[in-house]
Amino acid sequence: MNRRAMDMWVGLFVVIGFAAIVFLAMRVGNLTQVGARPGYILQAHFDNIGALKPQAPIRVAGVTVGKVESIQLNSKTYQADVKLKIEAAYHFPKDTIASVLTSGLLGEQYIGLDAGGDSEMLKESDTLMKANSAVVLEKLISQFLFSKASEGSPSTPGATK
Amino acid sequence: MMVVIRSGLERIGRGFFNILITLGFATRLLGAILKESGMCWRRFSMIRRELYFSGVLSLVLIAVSGLFVGMVLALQGYDVLKRYGSEAALGVLVSLSLVRELGPVVGGLLFASRAGSAITAEIGLMKATDQLAAMDMMAVSPIARIVAPRFWGGVLSMPLLTALFSMMGIIGGYLVGVKMIGIDEGAFWGQMQATIRFQADILNGLIKGFVFGIAIALTAVFEGYDAKATPEGVSAATTRTVVFSALAVLMLDFILTVFMFRGV
């Protein structure tokens, strides 16, 4: 094998290797969308975030508009302070509501925003007025059981149906 | 009775000493390679030749194996995920297992048997035919001229081959998952992109590949350099290269995984 041909093959090998790394970074890891896109930060205080994790998507009507930047416990109010990074192209009214939702039965948790009707828009580092907690299955079941129990017991005739 | 116990203990002790001596020699060889690799980095055509023999000639093997591993992963993963109604997570399953584990590990095992054994056989045969001794005689360091370029060729090839293996595997998973089974294409890529993080998953996978490359290349050149200068010695050394690099890859993988992904 002469030298030029060998150089060509090694060059091709390096090109293919780096193309694979770029493919992994762009197509699989989605590196372009993580930090590169400009956006602004909103804050929301949740009583319970369930299994929400940083980098979880923020969706409006099913469309991803940002990512959860960070989650911290506020040591005064004992609420979860969640920082939401919204892409700069999207703006939402002042009375937008955030809720922790689950995609599918066993799926990942994400934050859903319900846009309100206010004419004023949220700006950088504003706080959302209302944040709905994640549904905790145990609480839901116990509520259901309690209501069933009070419904079924004859000793409490005043119980409402 | 005492004699039996004593001879048994002596054998264990001797085996232990031999392992220590081998490890020490390997460490010394690594030091010598690092010290004397200035020449091959200055004359890069030496490393380029080894990149051809270990990298380019492994390309097809790595690409085809990756493709099939990804395709099998998709089939098996679909079978399990279907039971929980979360077929859309197939992209995550395929890409996460490939990028984190299978790319570096299976790529490393293939690389050890394809390129590592060839390096050992080459160096061992040079030793058996007294070429290394002749070089020494002519004041050409065999470490700088023969061992170091092969070592660096292997170390540089491995991360690229790891990335190629993962990419081909994900393409294979895409072909089976989306084209054959018919999972929604948007969900396949979208969930993958939402889950895989560049630094935590992809970069750590490439670091694994790099570390495995060092382990495999060092094992290969060491076994060749250490081989008995006979035909049997060379064949035994080639076998040892494949066995020890496979063990080293799997053990290092456990250690690296503990450090990289414990908190995740």
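Residues numbered from 1 in each chain as written. Chains lettered and ligands numbered in written order. Predicted model: local features only at pLDDT ≥ 70, side-chain atom pairs only at ≥ 80, totals over all residues.

**Remarks on the overall build of chain A**
Here comes step 1: Scanning chain A from terminus to terminus reveals three helices and eight strands.
Here comes step 2: Counting from the amino terminus, chain A carries its helices and strands in the arrangement α-α-β-β-β-β-β-β-β-β-α.
Here comes step 3: In chain A, which comprises 161 residues, the proportion classed as buried is 20%. (Helix = DSSP H or I, 4+ residues; strand = E, 2+ residues; numbered from the N terminus. Buried ≥ 20, exposed ≤ 12 C-beta atoms within 10 Å, placed from the backbone.)

**Focus on the overall build of chain B**
Here comes step 1: Looking only at helices and strands, one finds nine helices and zero strands in chain B.
Here comes step 2: N-terminal to C-terminal, the α/β element order of chain B is α-α-α-α-α-α-α-α-α.
Here comes step 3: Viewed in the frame of its principal axes, chain B has a C-alpha envelope of about 65 × 60 × 35 Å.
Here comes step 4: The buried share of chain B, reckoned over its 264 residues, is 45%.
Here comes step 5: For chain B, the share of sequence-separated contacts (at least 6 apart) that also reach a separation of at least 24 residues comes to 87%. (Contact = placed C-beta atoms within 7 Å.)

**Let's talk about the nonpolar core**
Here comes step 1: Core analysis: the largest hydrophobic core is formed by 71 residues, its most contacted members being B:Val147, B:Phe151, B:Leu164, B:Ile216 and B:Val221.
Here comes step 2: Counting residues per element, the ones that place at least two in this core are α1 (3-28) of chain A together with α3 (45-83), α4 (90-128), α6 (142-181), α7 (185-195), α8 (198-226) and α9 (231-261) of chain B.
Here comes step 3: Broken down by element, this core gets its largest block of residues, 19 residues, from α6(B).
Here comes step 4: Residues in contact with B:Phe151, not counting those within four places in the same chain, are B:Ile33, B:Ala217, B:Leu218 and B:Val221.
Here comes step 5: Counting 21 residues, the second largest nonpolar core, distinct from the first, contains A:Leu42, A:Ile49, A:Val68 and A:Ala80. (Core = buried A, V, L, I, M, F, W, Y, C linked by C-beta atoms within 7 Å.)

**Focus on α6(B)**
All names here are of chain B.
Here comes step 1: Across its 40 residues, α6 extends 55 Å between first and last C-alpha, which sits within 8% of the 58 Å expected from 1.5 Å per residue.
Here comes step 2: At alanine 148, α6 shows its largest kink, close to 35 degrees, and the proline proline 149 lies no more than four residues downstream.
Here comes step 3: Of all the 40 residues making up α6, 31 are buried; the element is thus mostly covered by neighbouring parts of the structure.
Here comes step 4: After α6 finishes, the residue glycine 182 shows a positive phi value of roughly 95 degrees. (Expected span 1.5 Å × (residues − 1). Bend = angle between axes of the 7 residues up to and from the residue.)

**Brief notes about unusual backbone geometry**
Backbone geometry follows two general trends: most residues other than glycine have a negative phi, and most peptide bonds adopt the trans configuration.
Residue and element names in this part refer to chain B.
Here comes step 1: For aspartate 130, which is not glycine, the phi torsion reads 60 degrees and is therefore positive.
Here comes step 2: Its place among the elements puts aspartate 130 in the loop between α4 and α5 (131-137).
Here comes step 3: Unlike most non-glycine residues, alanine 139 shows phi in positive territory, near 60 degrees.
Here comes step 4: Along the chain, alanine 139 turns up in the loop between α5 and α6.
Here comes step 5: The exposed category is assigned to alanine 139, around which 6 C-beta atoms lie within 10 Å.

**Notes on the interface of chain B and chain A**
Here comes step 1: Facing 26 residues of chain B, the contacting portion of chain A comprises 22 residues.
Here comes step 2: No other element matches the seven residues that α3(B) contributes to the side of chain B that touches chain A.
Here comes step 3: The residue makeup of the side of chain B that touches chain A, split by class, is 16 nonpolar, six polar and four charged. (Nonpolar A, V, L, I, M, F, W, Y, C, P; charged D, E, K, R; others polar.)

**A few points about the confidence of the model for chain A**
Here comes step 1: Chain-level pLDDT for chain A is 81 on average; 86% of the residues reach the 70-or-more range.
Here comes step 2: Mean pLDDT across the elements of chain A ranges from a minimum in helix α2 (residues 31-34) of chain A, with 56, to a maximum in strand β4 (residues 80-87) of chain A, with 88. (pLDDT = per-residue confidence, 0-100.)

**Considerations on helix α1 (residues 2-35) of chain B**
Here comes step 1: With 34 residues, α1(B) ought to run about 50 Å at 1.5 Å a step, and its terminal C-alpha atoms sit 49 Å apart, in line with that.
Here comes step 2: Among the 34 residues in α1(B), one count as buried, and that is only a small part of the element.

**Thoughts on the confidence of the model for chain B**
Atomic detail in the predicted coordinates should be set aside for any region of low pLDDT.
Here comes step 1: Overall, the predicted model of chain B reaches an average pLDDT of 91, with 99% of residues at or above 70.
Here comes step 2: The ipTM for the predicted assembly is 0.81, set against a pTM of 0.76.

**A word on the sheet that holds strand β3 (residues 63-73) of chain A**
Residue and element names in this part refer to chain A.
Here comes step 1: Spatially, β7-β1-β4-β3-β2-β6-β5-β8 is the arrangement adopted by the eight strands of the open sheet, whose pairing is mixed. Among the strands making up the open sheet, the edge pair consists of β7 (126-127) and β8 (130-132).
Here comes step 2: Where strand β5 (residues 97-102) lies against β8, three bridges are found, and the strand directions are parallel. Looking at β8, one finds that alanine 98 is bridged to alanine 131. (Pairing = 2+ DSSP bridges.)

**Considering the pairing of β5(A)**
Here comes step 1: Across six bridges, β5(A) lies against strand β6 (residues 109-114) of chain A in antiparallel orientation. Bridging across to β6(A), A:Val100 finds its partner in A:Ile111.

**Section: the packing of α4(B) against α7(B)**
Pairs of packed helices are described in terms of their axes, by the angle between the two and the distance that separates them.
Residue and element names in this part refer to chain B.
Here comes step 1: Relative orientation of the contacting elements α4 and α7 amounts to 50 degrees, with a least axis distance of 7 Å. The angle between α4 and α7 falls in the class oblique. As for the relative orientation of α4 and α7, their crossing is right-handed in sense. From α4, Leu90, Gly91, Val92, Ser95 and Leu96 reach across to α7, where they touch Phe188, Trp189, Gln191, Met192 and Thr195.
Here comes step 2: Broken down by class, the residue content of the contact of α4 with α7 amounts to six nonpolar, four polar and no charged. (Axes fitted to C-alpha atoms, helices over the stretch in contact; angles between N-to-C directions. Parallel < 35°, antiparallel > 145°, perpendicular 65-115°, else oblique. Left-handed = near helix turned anticlockwise from the far one by under 90°.)

**Description of the packing of α1(B) against α8(B)**
Residues and elements named next belong to chain B.
Here comes step 1: Direction vectors running N to C along α1 and α8 enclose 110 degrees, while the axes themselves pass 10 Å from each other. By the angle class used here, α1 and α8 are roughly perpendicular. Facing α1, whose interface residues are Phe25, Ala26, Leu29 and Leu30, α8 presents Leu218, Phe222, Tyr225 and Asp226.
Here comes step 2: The residue makeup of the contact of α1 with α8, split by class, is seven nonpolar, no polar and one charged.

**Let's talk about the environment of B:Arg6**
All names here are of chain B.
Here comes step 1: Counting through the fold element by element, arginine 6 comes out in helix α1.
Here comes step 2: Since 10 C-beta atoms lie within 10 Å of it, arginine 6 is described here as exposed.
Here comes step 3: Through-space distance from the C-alpha of arginine 6 to that of methionine 167 is 55 Å; in sequence the pair is 161 residues apart.

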